[in-house]
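Listed here are the chains, written in short residue letters.
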Amino acid sequence: MGRLCETEGLTEEQTEIIKAVRTYVDEKILPVATELEHADEYPQEIVDGLKELGIFGLMIPEEYDGLGESLLTYALCVEEIARGWMSVSGVINTHFIVAYMLMKHGTEEQKRKYLPRMAAGEVRGSFSMSEPGLGSDVSAIKTKAVADGQGGYTIDGQKMWLTNGGTSNLIAVLVKTDEGADSVYKNMTTFLVEKEAGFGETAPGLTIPGKIDKMGYKGVDTTEAVFEGMQISADQVLGGQTGQGFYQMMDGVEVGRVNVAARACGIALRAFELAIAYAQQRETFGKQIADHQAILFRLAEMATKVEASHAMMVKAARLKDSGKRMDVEAGMAKMLAAEYCNEVVQDSFRIHGGYGYSKEYEIERLYREAAFMLIGEGTSDIQKMIIGRSLLKEYKLKA
């Protein structure tokens, strides 16, 4: 049987890792995904299996007990996992971003303290920028950390849309600090906030109210976080230096956009698989619907979109792995994959006809999940602004 989205130039080790994840998805995730999603049930057994596979430490260096793999390897694994159930890829996404930020910006003490336990899945990460009154406009955040005069800080404010906010026990949270800088972006700091997993008061001065009820993206917990006089020591400042939080977060979001692109690729691939299978089973007017030109053309367009999204995602990941700047490519990959994902899922939904509207069919779940790809890690309009501004700089007309 043919398969879309195979990637050239992988090492034998990369190929084996992706093969193992694919097998796990087929055997352990796909058979239960829709049932767990409809119940909005956290996939604990699936998560435990991913821990055993080493997925939580996939990109963490070997010196910190991880596998030391590339962003490309990670993204290809995420694509496979999202093909099985997008929510499961969400369980590891914010964990991965926090681990990446620690690897790139943490002090050596912070790396030693957290990364080995993150690789084992014992410490689970989430990160937080958004607030109830803002999303993409990070400059407008109101949550503050004020020096307490005793070598620490007091955090007050409310955060929104924390994926894994309940199940995590380490939050990388962006807050305002008074650095006296002219630019608002230089007056922000990232703190590493430890808490207990669960809901309610999970640390002194920190409350996780409960899960936000969502249209899709079920199973994984999405929460608020309310800080009321939370005391935190200065050694929990990421990198040990205040005023660097915005830049640290943007670095994390950049790789997060590759992650979301990979998730969109996985959903689109699964939608295509379901559509082409159903088109060969369903008959109308005496022949399978795949033999009708309208369906055949639609399948061809879907497959092309799946491959194009995959190629853009792989390019962005490889650029990041090479150490090159890739904010434009990450934005392009995220925008293209998200938009095409929604188009492919809608086409699959149409091919399924009335059955696509039934909760008994998997495409109903994908239809709800695909919508999240349009807004996760920045909307398509935000990506267009990032891409457009960079293009104007690169192609600036000389006077």
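Residues numbered from 1 in each chain as written. Predicted model: local features only at pLDDT ≥ 70, side-chain atom pairs only at ≥ 80, totals over all residues. Heavy atoms only, no water.

Attention now moves to helix 1 (residues 12–39). Note: α-helices contain 3.6 residues per turn, so residues at a spacing of three or four share the same orientation. Between its first and last C-alpha atoms helix 1 spans 39 Å; for 28 residues at 1.5 Å apiece the expected length is 40 Å, and the two agree. Maximal helix bending in helix 1 amounts to about 50 degrees, located at Ala33. Along helix 1, the positions that sit buried rather than exposed are Gln14, Ile17, Ile18, Val21, Tyr24, Val25, Ile29, Leu30, Ala33, Thr34, Leu36 and Glu37. In the core, the buried residues of helix 1 are packed alongside helix 2 (44–53), helix 3 (71–84), helix 4 (86–105), helix 6 (245–281) and helix 9 (362–373). Phi turns positive one or two residues past the end of helix 1, at Asp40, with a value near 55 degrees. (Helix = DSSP H or I, 4+ residues; strand = E, 2+ residues; numbered from the N terminus. Expected span 1.5 Å × (residues − 1). Bend = angle between axes of the 7 residues up to and from the residue. Buried < 20%, exposed > 50% of the residue type's maximum accessible area, 1.4 Å probe, protein only. Contact = heavy atoms within 4.5 Å.)

The next subject is helix 8 (residues 327–352). Spanning 26 residues, helix 8 covers 37 Å between terminal C-alpha atoms, matching the ideal 38 Å at 1.5 Å per step. Most of helix 8 sits out of view: 19 of its 26 residues are buried. Directly beyond the C-terminal end of helix 8, a positive phi value near 60 degrees is found at Gly353.

On average, residues of the protein carry a pLDDT of 94, and 99% of them reach 70 or more. Looking at the elements of the protein, mean pLDDT is at its lowest for strand 9 (residues 283–284), recorded as 82, and at its highest for helix 5 (residues 108–119), recorded as 98. (pLDDT = per-residue confidence, 0-100.)

Turning to the packing of helix 3 against helix 4, a few remarks are in order. Geometry of a packed helix pair, given as the angle between the helix axes and the separation of the axes. Two elements in contact, helix 3 and helix 4, have axes separated by 6 Å at closest approach and are oriented at 150 degrees. Here helix 3 lies roughly antiparallel to helix 4, going by the angle between them. Contacts between helix 3 and helix 4 involve Leu71, Tyr74, Val78, Ile81, Ala82 and Gly84 on the former and, on the latter, Met86, Val88, Ser89, Ile92, Asn93 and Phe96. Classifying every residue of the contact of helix 3 with helix 4 by side-chain character gives nine nonpolar, three polar and no charged. (Axes fitted to C-alpha atoms, helices over the stretch in contact; angles between N-to-C directions. Parallel < 35°, antiparallel > 145°, perpendicular 65-115°, else oblique. Nonpolar A, V, L, I, M, F, W, Y, C, P; charged D, E, K, R; others polar.)

Another aspect to go through is the packing of aromatic side chains. Pairs of aromatic rings are described using the distance from one ring centre to the other and the angle between the two planes. Taken as a whole, this structure holds nine aromatic pairs when the rule is applied. Between Tyr278 and Tyr361, the ring centres sit 6.4 Å apart and the planes meet at 85 degrees, which makes this aromatic pair edge-to-face. Here Tyr278, found in helix 6, pairs with Tyr361, found in the loop between helix 8 and helix 9; they are 83 residues apart in sequence, far enough to count as distant. On the basis of relative accessibility, which here comes to 27%, the residue Tyr361 falls in the partly exposed class. An angle of 40 degrees between the planes, with centres 5.3 Å apart, marks the rings of Tyr355 and Tyr361 as tilted. (Phe/Tyr/Trp six-rings, centres within 6.5 Å; stacked < 30°, edge-to-face > 60°.)

Further remarks concern unusual backbone geometry. The backbone of Asn164 sits at a positive phi, close to 70 degrees, despite the residue not being glycine. Looking at where Asn164 falls in the secondary structure, it is placed in the loop between strand 3 (152–163) and strand 4 (170–176). With a phi angle near 55 degrees, Glu377 is a residue other than glycine that sits in the positive phi range. Judged by its relative accessible area of 16%, Glu377 is buried.

Attention shifts here to the pattern of salt bridges. All chains considered together, the criterion is met by 20 salt bridges. We note a salt bridge from Glu131 to Lys159, for which the minimum N-O separation is 3.1 Å. Of this pair, Glu131 sits in the loop between strand 1 (125–128) and strand 2 (144–147) while Lys159 sits in strand 3, placing them 28 residues apart in sequence. By relative accessible area, which is 5% here, Glu131 ends up buried. Taking the shortest distance from any N to any O, the salt bridge between Glu254 and Lys320 comes out at 2.9 Å. With Glu254 in helix 6 and Lys320 in helix 7 (residues 293–321), this residue pair connects regions lying 66 residues apart in the sequence. For Glu254, a relative accessible area of 14% gives the class buried. Exposure remark for Lys320: the relative accessible area of 18% places this residue in the buried category. A single salt-bridge network, built from bridges that share partners, covers Asp26, Arg83, Arg270, Glu273, Glu362, Arg365 and Glu369. (Salt bridge = Lys/Arg side-chain N within 4 Å of Asp/Glu carboxyl O.)

Another aspect to go through is the side chain of Asn259. For Asn259, the position within the fold is in helix 6. Judged by its relative accessible area of 1%, Asn259 falls in the buried class. Looking at Asn259, its side chain comes within polar contact range of the side chain of Asn93, at 3.1 Å. Sequence-distant contacts of Asn259, defined by excluding residues within four places in its chain, comprise Tyr74, Val78, Asn93 and Phe96. (Polar contact = N/O pair within 3.5 Å; in protein donor to acceptor, adjacent residues only side chain to side chain.)

Our focus in this paragraph is the state of the cysteines. By definition, a disulfide is the covalent link that joins the sulfur atoms of two cysteine residues. Applying the stated rule across the entire model yields zero disulfides. No disulfide involves Cys341; its sulfur sits 8.3 Å from the nearest other cysteine sulfur, which is in Cys265. Residue Cys341 is classed as buried on the basis of its relative accessible area, which comes to 1%. (Disulfide = S-S within 2.5 Å.)

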